[in-house]
Amino acid sequence: QVQLVESGGGLVQAGGSLRLSCVASGRTFSSYVMGWFRQAPGKEREFVAAISRGGSTNYSDSVKGRFTISRDNAKNTVYLQMNSLKFEDTAVYYCAADRIFHSSNYVPSSRRDQYDYWGQGTQVTVSS
């Protein structure tokens, strides 16, 4: 069982920045595909970004060019740097892990059902 713990959420003005972190338990973090999803009130949980074990990334169109996902395998941590935040980025942000050992050139999935483990989420609120 993998445990994921997010941090870094908070209240920020539109145009500002935040960096989310997600620390994973276990010894096989480096082999996981890691993703970030978000859920706004009354809406479905949606894909934000993901990164493969080889460093390939995938972003939703709504955050491309503003958000950057990265990972530090030595620290079992995945990050989400969020710049130029907008009011519509307000949501609970969840970290997720795909435990399947994919090829090194695998493009990480945007599908929720591809991910096996989930964190509890961290709230991001952007004031307009």
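Look a little higher up for the structure.
Right, let's walk through the structure included here. (Residues numbered from 1 in each chain as written. Predicted model: local features only at pLDDT ≥ 70, side-chain atom pairs only at ≥ 80, totals over all residues. Heavy atoms only, no water.)

We now examine the pairing of strand S11 (residues 122-127). The alternating pattern of S11 places Thr122, Val124 and Val126 on a buried face and Gln123, Thr125 and Ser127 on a face that is not buried. As defined by bridge partners, strand S2 (residues 10-13) adjoins S11 across four bridges and the pair is classed as parallel. Across the sheet, Val12 pairs through a bridge with Val126, a residue of S11. Pairing of strand S9 (residues 91-98) with S11, which is carried by three bridges, proceeds in the antiparallel orientation. Note on S11: the bridge partner recorded for Val92 is Gln123. (Buried < 20%, exposed > 50% of the residue type's maximum accessible area, 1.4 Å probe, protein only. Helix = DSSP H or I, 4+ residues; strand = E, 2+ residues; numbered from the N terminus. Pairing = 2+ DSSP bridges.)

Below, the discussion takes up the sheet that holds strand S8 (residues 77-82). Read across the open sheet, the four strands follow the order S1-S3-S8-S7; overall the sheet is antiparallel. Since the sheet does not close on itself, it has two edges, and those belong to strand S1 (4-7) and strand S7 (67-72), each with one partner. On average, each strand axis in the sheet is inclined to that of its neighbour by 15°, with strand direction left out of account. The pairing of S7 with S8 spans six bridges and is antiparallel. Pairing of Ile69 across the sheet is with Leu80, part of S8. (Axes fitted to C-alpha atoms, helices over the stretch in contact; angles between N-to-C directions.)

Right, let's get into the state of the cysteines. Under the counting rule described, the total for this entry stands at one disulfide. Between the sulfur atoms of Cys22 and its disulfide partner Cys95 the distance amounts to 2.1 Å. Linking Cys22 and Cys95, the disulfide has an S-S dihedral of approximately -80° and is accordingly described as left-handed. Of this pair, Cys22 sits in strand S3 (residues 18-24) while Cys95 sits in strand S9; the two residues are 73 residues apart in sequence, bridging distant segments of the chain. Note on accessibility: Cys22 and Cys95 belong to one class, buried. (Disulfide = S-S within 2.5 Å.)

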